[in-house]
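# Per-entry structural report
Each chain is listed here by its residues.
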Amino acid sequence: MSIAALGQTMFDLPDTRDPAAFPDCAVCGQQAWIPVYEGPVRDGGFGHSRRGATVAECMGCGVRRLDERSCHDDAVYTDETYREILGEKTDTNGFHAAHDPLQLERLNVVNPMTLRGKVVADVGCAAGSFLDFVSGLARSVIAIEPGKPYHDSLARRGFHVYDFTRHALDDCAGAVEHAFSFQVIEHVAEPATFLTEIAALMAPGGRLTLSTPNRGDLLMELLPEDYPPFFYRCVHRWYFSADSLARCGRAAGLVPVETRYVHRFGVANTLRWLRERAPGGRDPLPGLDDPALDSVWRDTLAREGGADTIYMTFEKPLP
Ligand SMILES: [Zn+2]
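Residues numbered from 1 in each chain as written. Predicted model: local features only at pLDDT ≥ 70, side-chain atom pairs only at ≥ 80, totals over all residues. Heavy atoms only, no water.

This brings us to the overall build of the chain. A count of helices and strands for the chain gives 13 helices and 11 strands. The C-alpha radius of gyration computed for the chain amounts to 20 Å, which stays within 12% of the reference 20 Å derived for 319 residues, consistent with globular compactness. The buried share among the 319 residues of the chain stands at 50%. The contacts of the chain with a sequence gap of at least 6 include a subset with a gap of at least 24, amounting to 69%. Carbon together with sulfur atoms contributes 52% to the accessible area of the chain, which is approximately 14700 Å² in total. Between the mean site of the 32 positive side-chain charges and the mean site of the 44 negative ones, the chain shows a separation of 3 Å. (Helix = DSSP H or I, 4+ residues; strand = E, 2+ residues; numbered from the N terminus. Rg over C-alpha atoms; globule rule 2.2 N^0.38 Å. Buried < 20%, exposed > 50% of the residue type's maximum accessible area, 1.4 Å probe, protein only. Contact = heavy atoms within 4.5 Å. Areas by Shrake-Rupley, 256 points an atom, 1.4 Å probe, with all protein chains shown as cover. Lys, Arg positive; Asp, Glu negative; His and termini not counted. Charge placed at Lys NZ, Arg CZ, Asp CG, Glu CD.)

So, about the layout of surface pockets. Estimates place the volume of the second largest pocket at around 390 Å³. If you trace the second largest pocket, you find 15 residues lining it, with Glu105, Asn108, Val262, His263 and Arg298 closest to the centre. Secondary-structure elements contributing two or more residues to the lining of the second largest pocket are α4 (103-110), β10 (255-262) and α13 (291-304). In terms of residue count, the dominant contributor to the lining of the second largest pocket is α4 (four residues). (1 Å grid on protein atoms, 1.4 Å probe; cavity = no way out; pocket = protein on both sides within 12 Å on 5 of 7 lines; lining within 4 Å. Points joined across faces, edges and corners; volume = space filled by probe spheres on them.)

So, about the nonpolar core. A general trend in soluble globular proteins is that nonpolar side chains are found buried together. Core analysis: the largest hydrophobic core is formed by 42 residues, its most contacted members being Val63, Leu195 and Leu208. Here this core takes five residues from helix α8 (residues 191-201), the largest share from any one element. Residues contacting Leu195, with those up to four places away along its chain left out, are Ile185, Leu208, Leu210, Cys248, Gly249, Ala252 and Leu254. Counting residues in each nonpolar core, the second largest holds 22 residues, with Val109, Leu131, Phe180 and Val262 among its members. (Core = buried A, V, L, I, M, F, W, Y, C linked by side-chain atoms within 4.5 Å.)

For the rest of this paragraph, the subject is the pattern of salt bridges. All told, the structure shown has 15 salt bridges when counted by the stated rule. Between Arg247 and Asp243 there is a salt bridge, and its shortest N-O distance comes to 3.6 Å. With Arg247 and Asp243 both in helix α11 (residues 242-251) and four residues apart, the pair spans about one turn of that helix. (Salt bridge = Lys/Arg side-chain N within 4 Å of Asp/Glu carboxyl O.)

The next thing to look at is the packing of α8 against α11. The contact between α8 and α11 brings their axes to 8 Å, and the two run at 55°. Accordingly, the angle class assigned to the pair α8 and α11 is oblique. Considering only the axes of α8 and α11, their crossing is right-handed. Listed contacts from α11 to Pro191, Ala192 and Leu195 of α8 are Cys248, Gly249 and Ala251. For the contact of α8 with α11, the class distribution of residues is five nonpolar, one polar and no charged. (Axes fitted to C-alpha atoms, helices over the stretch in contact; angles between N-to-C directions. Parallel < 35°, antiparallel > 145°, perpendicular 65-115°, else oblique. Left-handed = near helix turned anticlockwise from the far one by under 90°. Nonpolar A, V, L, I, M, F, W, Y, C, P; charged D, E, K, R; others polar.)

Below you can see the structure in the form of structure tokens.
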């Protein structure tokens, strides 16, 4: 057997000691990973999966990551590939139809901070649904998005468009008073570098609000066999708790100032998972289709930290 073939056999299940699968932690630099999950992970919509993946936790900072071999290459974000993997529409109008209704959740998290007269940036803005909701208040809007198919439309709406934060730094370093980045940090290759570049874009005293899936989602506790293969997915390299997300921000020189949890689904979603071992989206259940009940449910999970999404706001210290 050749050395190469021997290596293949040894690492059939990605090994946390294999630096190709688990390089030094991109948040804290340590190379000490403890496996927390081995099995299939989602690759696209429910029912599509990749076998033989490993998720491990960094002993230095507590972030979890999917082994590098199971991660999609970052190039998927520069064209239609990423939306196709998700089974979503790849054009601007299709994106707006799906994502405009979700922006109220984000505006709620901004409340009571005002964006009036501020320089605002959205890093990973896709077709710019959130920016359309805030651009009337903002003085200037910076749209950072690697997906080229969205660029013409973003520019037509008067936004300053860049594909990556580092390319915005020439024009906008130190200018952004409130930066946003929703559901992006879990995808990137280097999360601390990602935040360091955003921090360079920010004005002293400026804020960054970001969101990411909460690995403390209640369903991870309730369904430890059936939910992790859905929760862990090839497009998400990183899995944060509030604590590890705060550490990542500090590694970039940012100070965490507020954490909020948001649960996006009603109680029927959880009950369907428990009954069917499958996602039921927003489909109601007979006798449980009650907005008041869902409101209490969402508030409870948000208070207890078992909601599906973490929102964290950071401040860039004054010099
Ligand atoms: Zn680490």
